[in-house]
Amino acid sequence: MSTYDEVTRVRLEDPSRIARLAAARRRRTVADTDGTMMVIAADHPARGALGVGIRPHAMESRRELLDRMREALAVPGVDGVLGTADILEDLLLLGALEDKIVFASMNRGGLQGSSWEIEDRFTAYDAAAIKQSGFDGGKMLTRIDLADDRTSFILEASANAVTDLARHELIAMVEPFMSSRPGGGKIVNDLSPEAVIKSIHIAQGLGATSAYTWLKLPAVDDMERVMDATTLPTLILGGDPANDDPDTLRATWKRALDRPNVRGLVVGRTLLYPADDDVTAAVTASVDMLR
């Protein structure tokens, strides 16, 4: 189907079609890639995070977001997508998930700006649903605030998710940060090499097995030392393009990609909402750098 009105009609009249399309989808797995991956992320809206850089409402239109997602996924060299069920199922109905690797976002309960944000409850996919959908793995945000007692909950929940995904032979993509609330305000992630290294050691110890665990990490200073903290496959996240220009960001990603256990990028807002709104050009430049 090609129109959003048709997507709504199917959801109204034949919602079981989503499961049928998922079962019939032409799949591509991680093993089918050339060893590096370009994944487009779009799971921020489910956490109430609609801003991109200086545009606080950039992601509020679902149709515009889907337009941008479809444009990005059509660029040669883009391997896959990361999203919540609402977005992935829209893309599935629109035919945009054919021959793509798909990662499902699992915990979106830590709404941006909420008092409980650090306690990022699992409110989206679980391992069984990911397996049933024929997707490749689940991603979890795991922020660690040593001054907030609720951190223990997210650590336990992430550990359980890692174990459950492994039982289903699915990738567990853990995105850890050492975080804090300076002055009791908004959550701030510590992007120093030392903090990222500490988060790596905590994250890779979660669960009953690490056989299927990957990491999703920021590109920070001294990536050689940072990546020496793990043997796990790692994808580099894009972040929010609030300050850096695209060339600076790509140079930062490139330095991280030079490490042998860094196997690709998971980038969303930076590529879907570039300053000049040329999605194809932004994605193509990143694919060219990756390859």
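Above: the structure in question.
Keep in mind that this is a model prediction, so the values were computed, not measured.

Draft legend 1. Expanded view of the overall build of the protein chain. The helix and strand inventory of the protein chain stands at 11 helices and 9 strands. Taken over C-alpha atoms, the radius of gyration comes to 18 Å for the protein chain, in line with the 19 Å a tight globule of 291 residues would show. Relative to its full complement of 291 residues, the protein chain shows a buried share of 53%. Contacts spanning at least 24 positions in sequence make up 70% of the contacts within the protein chain whose residues lie at least 6 apart.

Draft legend 2. Structural detail: the environment of V30. Residue placement: V30 occurs in the loop between α2 (17-24) and β1 (37-42). Separated by 141 residues in sequence, V30 and I171 place their C-alpha atoms 9.8 Å apart. Look past the residues within four positions of V30 in its chain and what remains in contact with it is M37, I101, F103, D136, I171 and W214.

Draft legend 3. Inspection of empty space enclosed by the protein at higher detail. Taken as a whole and judged by the stated rule, the model has 1 cavity of 30 Å³ or more. Each pocket or cavity is described by its volume, and for the largest cavity that value is around 30 Å³. Surrounding the largest cavity, P176, F177, M178, D190, L191, A195, V196, S199 and P218 form its lining. Listed by contribution, the elements that provide at least two residues to the lining of the largest cavity are β5 (171-180) and α7 (193-203). Among the residues making up the lining of the largest cavity, the classes are represented as 7 nonpolar, 1 polar and 1 charged.

Criteria and thresholds
- Residues numbered from 1 in each chain as written.
- Predicted model: local features only at pLDDT ≥ 70, side-chain atom pairs only at ≥ 80, totals over all residues.
- Heavy atoms only, no water.
- Helix = DSSP H or I, 4+ residues; strand = E, 2+ residues; numbered from the N terminus.
- Rg over C-alpha atoms; globule rule 2.2 N^0.38 Å.
- Buried < 20%, exposed > 50% of the residue type's maximum accessible area, 1.4 Å probe, protein only.
- Contact = heavy atoms within 4.5 Å.
- 1 Å grid on protein atoms, 1.4 Å probe; cavity = no way out; pocket = protein on both sides within 12 Å on 5 of 7 lines; lining within 4 Å.
- Points joined across faces, edges and corners; volume = space filled by probe spheres on them.
- Nonpolar A, V, L, I, M, F, W, Y, C, P; charged D, E, K, R; others polar.

Read these as geometric descriptors, not functional statements.
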